[in-house]
Amino acid sequence: MDKRKYVGEAIPRVEDRRLVTGTSHYVDDIRLPEMLHMVLVRSPYGHARINRIETAAAEAMPGVVAVLTGEAIRGRIKSIPCASEMEGLKVPEHPVLAVERVRYVGEPVAAVVAKDRYTAQDAADRLEVEYEPLEVVVDVERAVAPGAPVIHEELGDNVAFVLRFEGGEALKAAFERADVVIEQRLVNQRLHPVAMEPRGVVAEYWPGEDRLTVWSSTQIPHLLRTQLAMMVGMAEHRVRVIAPEVGGGFGSKLNVYGEEALVAYLARELKKPVKWVETRRENMMSTIHGRGQINDVRVAVTRDGRVLGLEVRILSDLGAYHQLLTPGIPPLTGLMLSGPYKIPAIGYEIVGVFTNAMSTDAYRGAGRPEATYVLERVMDLIARQLEMDPVEVRVKNFPQPEEFPYETATGLAYDSGDYEAALRKALEVVEYEKLRQEQAERRQRGELMGIGISSYVEICALGPSAALPAGGWESATVRVEPTGKVTVLTGASPHGQGQETSFAQLVADELGVPLEDVYVVHGDTAVVPYGIGTFGSRATAVGGTAVYEAVQMVKEKVRSFAAHLLGVDWEEVEEGVGEYRSRRDPERVVSFQEVAQAAYLAKSLPPGVTPGLEATYFFEPSNFTFPFGTHVAVVDIDPETGEVKIRRYVAVDDCGRVINPLLVEGQIHGGIVQALGQALMEEVVYDEWGQLLSGDLSSYAVPRAGDVPWMETARTETPTTVNPMGIKGVGEAGTIGATPAIVNAVVDALAPRGVRHVDMPLTPEKIWRLLQGDAKA
Amino acid sequence: MKIAGKHTVIAERREVWQLLVDPEVLRRCTPGVEELRAAGDGRYEVVMRLGVGAVQGRYEGRIRVEPEVPEVVMKLEVEGRGPQGIVRGKGALRLEEENEGTEITYEGEVQLGGPIASVGQRMLQSTARMLAGQFFTALAAEAAARQRAQATGQPLQPPKHGIFRNLVRFLWSLLKRWFGR
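If you're wondering where the values come from, they're calculated on a predicted model, not measured in any experiment.

About the cut-offs
- Residues numbered from 1 in each chain as written.
- Chains lettered and ligands numbered in written order.
- Predicted model: local features only at pLDDT ≥ 70, side-chain atom pairs only at ≥ 80, totals over all residues.
- Helix = DSSP H or I, 4+ residues; strand = E, 2+ residues; numbered from the N terminus.
- Rg over C-alpha atoms; globule rule 2.2 N^0.38 Å.
- Buried ≥ 20, exposed ≤ 12 C-beta atoms within 10 Å, placed from the backbone.
- pLDDT = per-residue confidence, 0-100.
- Contact = placed C-beta atoms within 7 Å.
- Nonpolar A, V, L, I, M, F, W, Y, C, P; charged D, E, K, R; others polar.
- Expected span 1.5 Å × (residues − 1).
- Pairing = 2+ DSSP bridges.
- Axes fitted to C-alpha atoms, helices over the stretch in contact; angles between N-to-C directions.
- Domains from an automatic or database assignment.
- Parallel < 35°, antiparallel > 145°, perpendicular 65-115°, else oblique.
- Left-handed = near helix turned anticlockwise from the far one by under 90°.
- Core = buried A, V, L, I, M, F, W, Y, C linked by C-beta atoms within 7 Å.
- Right-handed = clockwise from strand over helix to strand, strands pointing away.

Caption draft 1: Focus on the overall build of chain B. What chain B contains, in helices and strands, is four helices and seven strands. Counting from the amino terminus, chain B carries its helices and strands in the arrangement β-α-α-β-β-β-β-β-β-α-α. Its C-alpha radius of gyration of 16 Å places chain B within 12% of the 16 Å reference for a compact globule of 181 residues. Reported as C-alpha extents along the three principal axes, the dimensions of chain B are approximately 50 × 40 × 25 Å. By the burial criterion, 33% of the 181 residues in chain B qualify as buried.

Caption draft 2: Representation of the confidence of the model for chain B in the model. All names here are of chain B. Summary statistics for chain B give a mean pLDDT of 83 and a share of 94% for residues scoring 70 or more. Within chain B, no element has a lower average pLDDT than helix α4 (residues 162-178), which sits at 72, and none a higher one than helix α1 (residues 13-20), at 91. The ipTM assigned to the predicted complex is 0.75, against a pTM of 0.92.

Caption draft 3: Molecular detail of the interface of chain B and chain A. Tallying the contact residues gives twelve residues for chain B and 15 residues for chain A. Contributing elements (two or more residues each) for the side of chain B that touches chain A: β6 (85-97), β7 (102-113) and α3 (115-152) of chain B. Considering every element that reaches the side of chain B that touches chain A, the biggest residue donor is α3(B), with five residues. Split into classes, the residues belonging to the side of chain B that touches chain A amount to six nonpolar, six polar and no charged.

Caption draft 4: Region of the structure containing helix α13 (residues 432-444) of chain A. For α13(A), built from 13 residues, the straight-helix expectation of 18 Å at 1.5 Å per residue is met to within 8% by its first-to-last C-alpha distance of 19 Å. Once α13(A) ends, the next one or two residues include G446(A), with phi positive near 80 degrees.

Caption draft 5: Region of the structure containing the pairing of strand β5 (residues 73-82) of chain B. Residue and element names in this part refer to chain B. As paired elements, β5 and β6 share ten bridges and run antiparallel to each other. Counterpart to K75 in the pairing with β6 is A92. Where β5 folds back on β6, the antiparallel hairpin that results is connected by two residues.

Caption draft 6: Spatial organisation of the sheet that holds strand β5 (residues 108-114) of chain A. Residues and elements named next belong to chain A. One open sheet accounts for seven strands, arranged β3-β5-β1-β12-β9-β10-β11; its pairing is mixed. Taken across any chain shown, the strands that pair with only one partner, and hence form the sheet edges, are β3 (64-69) and β11 (239-242). Neighbour to neighbour, the strand axes of the sheet diverge by 20 degrees on average, direction disregarded. Pairing of strand β9 (residues 200-206) with strand β12 (residues 274-277), which is carried by four bridges, proceeds in the antiparallel orientation. Its bridge partner being in β12, V202 is matched across the sheet by K275. Strands β1 (36-42), β3 and β5 of the sheet are contacted by helix α3 (residues 117-126), whose axis makes an angle of about 25 degrees with β1.

Caption draft 7: Focus on the domain arrangement of chain A. Residues and elements named next belong to chain A. We note that the domain assignment places domain 1 (31-134 + 194-286), domain 2 (136-191 + 289-398), domain 3 (420-456 + 625-777) and domain 4 (464-619) within chain A. With centres defined by C-alpha atoms, the gap from domain 3 to domain 4 works out at 41 Å. With 13 residues of domain 3 in contact, the opposing surface of domain 4 contributes 13 residues. For the side of domain 3 that touches domain 4, a count of residues per class yields six nonpolar, five polar and two charged.

Caption draft 8: Main features of the sheet that holds strand β26 (residues 628-637) of chain A. Residue and element names in this part refer to chain A. If you walk across this open sheet you meet the four strands as β18-β26-β27-β28, and the pairing is mixed. Among the strands making up the open sheet, the edge pair consists of β18 (448-457) and β28 (712-715). Each neighbouring strand pair of the sheet contributes to a mean axis angle of 15 degrees, computed without reference to strand direction.

Caption draft 9: Inspection of the packing of helix α11 (residues 390-397) of chain A against helix α12 (residues 419-430) of chain A at higher detail. Residue and element names in this part refer to chain A. At a closest axis distance of 10 Å, the pairing of α11 and α12 adopts a crossing angle of 160 degrees. Taken together, the axes of α11 and α12 are roughly antiparallel relative to one another. Note that α11 runs across α12; the crossing there is left-handed. For the pair formed by α11 and α12, the contact residues are V391, R394 and V395 on the first element and E420, L423 and L427 on the second. Of the residues that constitute the contact of α11 with α12, the class distribution is four nonpolar, no polar and two charged.

Caption draft 10: Molecular detail of the environment of G677(A). All names here are of chain A. Tracing the backbone through its elements, the reader meets G677 in helix α17 (residues 661-681). When the 26 C-beta atoms within 10 Å are taken as the criterion, G677 is described as buried. For the pair G677 and L762, spaced 85 residues apart in sequence, the C-alpha separation works out to 9.7 Å. Dropping the residues within four chain positions of it, G677 is found in contact with E682, V702 and P703.

Caption draft 11: Up close: the nonpolar core. Residue and element names in this part refer to chain A. Core analysis: the biggest nonpolar cluster contains 277 residues, and M38, V112, V507, V547, V595, I742 and V746 have the highest contact counts within it. At 14 residues, helix α15 (residues 539-566) tops the list of elements feeding residues into this core. In contact with V595, other than residues within four places in its own chain, are V558, F561, A562, L565, Y580 and V590.

Caption draft 12: A look at unusual backbone geometry. Residue and element names in this part refer to chain A. That bond from F404 to P405 is cis: its omega, -5 degrees, falls within 30 degrees of zero. Mapped onto the fold, P405 is located in the loop between α11 and β16 (406-407). Across the junction of M760 and P761, the peptide omega takes the value -5 degrees, indicating a cis bond. Unlike most non-glycine residues, R291 shows phi in positive territory, near 60 degrees.

Caption draft 13: Main features of the pairing of β28(A). Residue and element names in this part refer to chain A. Strand direction decides the pairing type here: strand β27 (residues 644-654) and β28, joined by four bridges, are parallel. Bridged to D653 within β28 is R715. Between the parallel pair β27 and β28, the chain is carried across by α17, and the sense of this crossover is right-handed.

Caption draft 14: Looking closely at the packing of α17(A) against helix α18 (residues 733-750) of chain A. All names here are of chain A. It is the contact of α17 with α18, at a shortest axis distance of 7 Å, that shows an interaxial angle of 40 degrees. Viewed along their axes, α17 and α18 adopt a mutual orientation that is oblique. Note on packing geometry: the crossing formed by α17 with α18 is right-handed. Contacts from Q667, I668, G670, G671, I672, Q674, A675, L676, Q678, A679 and L680 of α17 reach α18 at A733, G734, T735, A738, T739, I742 and V743. For the contact of α17 with α18, the residue count by class is ten nonpolar, eight polar and no charged.

Spelled out as structure tokens, the structure:
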């Protein structure tokens, strides 16, 4: 009997039809009767005292329902939460509407509610706020220097935390023993996440039932519900959060924002539905930013390229306030500083700094792209200094497959890996030797061609609860309905990753039902058991494992009912596709549907078995997983214009077992594009007055289709030992692996002109200037 | 952001100065001005309609004018706010006699805040230069009108400006300058 099989197949996403035909429902598509609209008045100053807010003119406008200021709602909505915990961490009050002071451009100062959005916007324009500008500090180094303006006076200075991981005697010895010490400053610039769909919130309150329903474009509906209930002072079980279709998040919606609480509060106060949808400019100003680190690196190396020790000082630009995980991101960089290498001694110091800017927080990769960038730039700097091939330096420092689980100096236990295999495969695909020959020839002719390699390991499947601020497990319910249709409830909250497809594949295989009979439900706290959400490349590795475990429990019950109906012991039941047969009497068959119906009609129950066919499982992972891979970029640079053309791009990623290769490839593609954005184009720019100069999509360069090279992807497959399916996770690998590959390629291309390092983004202007400078020298 | 430039008006320095302190003239000559009221003590309240790149809006603001050296140096402070953000600026005008007339040198620092910053900042320099050009071109037209009135004994006919007219005059003066008339 041939068994139907979906897992491992490149099945097109079931989500795609509704997405590409525009028939999906986002927050902005929700329209409720008598719905009011909120518009926010935001600070045009980077740092200022609010002397007076004149609301009368706005309030007097026809159609305006309410005007709220920070002062007016003081104490009614709790501070925007920060979940990160750390010894000595300074956590400033973070009101949903600024009180007395504004600390970044875009900080909400007042909320206007009106019968339609136009009226609300007009009224917001009428609001008069009198500011007294204060000295601004946006540069992290200036913010920690003596005499800098203090952003939160009550906290004394702008240092939010200092986290030290001492390298101790071992590190000291490493630098003493080193033949070569290399030092370099590496800047990981601030980025806008730029999800296609900006944020949005709708809330509706039913006073009779005391029920608040909140639709929000979020990655974490359950965590948001808990936090919102606390912020607006409601019992958690009276609050329902729904994440409808979410148009991308990249970490920017892994948060609890003031607007979410404001809309919830207003709906309850006004007893009418309230809606707020972010504009793109608001999105750039007041949705979290990513990265923002200055890394001063020192590395101790032997003459033959072996790394003995690594020391990094991380200055992290946190912005003006903590959002949900703001102080928790840079420590991930510290944790990952061993990368895919055996580095016997590592020491780091992280200084988290307040600046007059929007908060930084998790952006695709969250701390790991920064670590990978440090290591991969360092590997190339070592190769350059020792005149070795960058491949050789990397291979020399990889741990061998038999050394796993490999324990790093930073205290992690890497589950499994064969780093050299992924690297060799990438070199084979790209035909490395041939490319180096070509490069040598073209260099003779003065042409600028570069090859960049990046080997990475990342930390995924977040994660053991002990290591996370709000639980690291995930939940799943698998329910076979009376008609034999299957409903899967997942606590993960996919928003583009495609788990409606991959989880259906997994469950369809396990139960032997057609794919279209499995419906995956997520993102509604009234329907789905408590879950953690989608971030940290965890949805499949952790959420998928919960689904897998739940479906095993259901299968057991299905077998009991099948055996009961067939009148045999369950050992004597032979499983077919969608049917069960008695081994003793192959003529006796019951269908999956018949079993399902019997379980619900419950006319006759197997001994000790309860009615219904449903199981819920909460999976707690024992460790993180550590996917890895190697990316290779080949670039040509136009010496006339400084423009970088990515000629070849090869990505070999190992994310463990794969449920749907199409989804894996999609994640890699998207990640590479975002990494390319950071490497070549993107940068959040504040001027010295704290004005956001990259505040819209005409001044912030996100890659477009034409900027994206053809991407050649391949895989190696090393299953993890952390979960039964061997899945590691792949959501962020692209942004982690690709950025340094591209930068290394560009620096390699510029090497004959004496360039040793350039900070991102590598814009044509920056490269052109370098080339001009070189010509003059 | 720093802005600077110079412009020549064919008129005596004293005449130019008088034009510069006449609120009616300022109202007529400043591009985009809808209202301009003298509030005494060298302060004016203005309502302007301005467009910088893609960001356009109505700005309400205050201008403070302080004659540092009468007929030679005038200090200016501008503050405006509109739906697209804030504009603040500080600067000085210096008047110098030249063979043909009066050369006006201006320099200052302008700060844009709020949404306008991201779009406006990059175009500020060129926009400011264009607006200043339009202003001084209009001022020259005012001076010419006065001279005409004086020469003919006819009552003064204030010239009409408007953004478009000033722009044409400005471009014309540029052409004349480039092609040496």
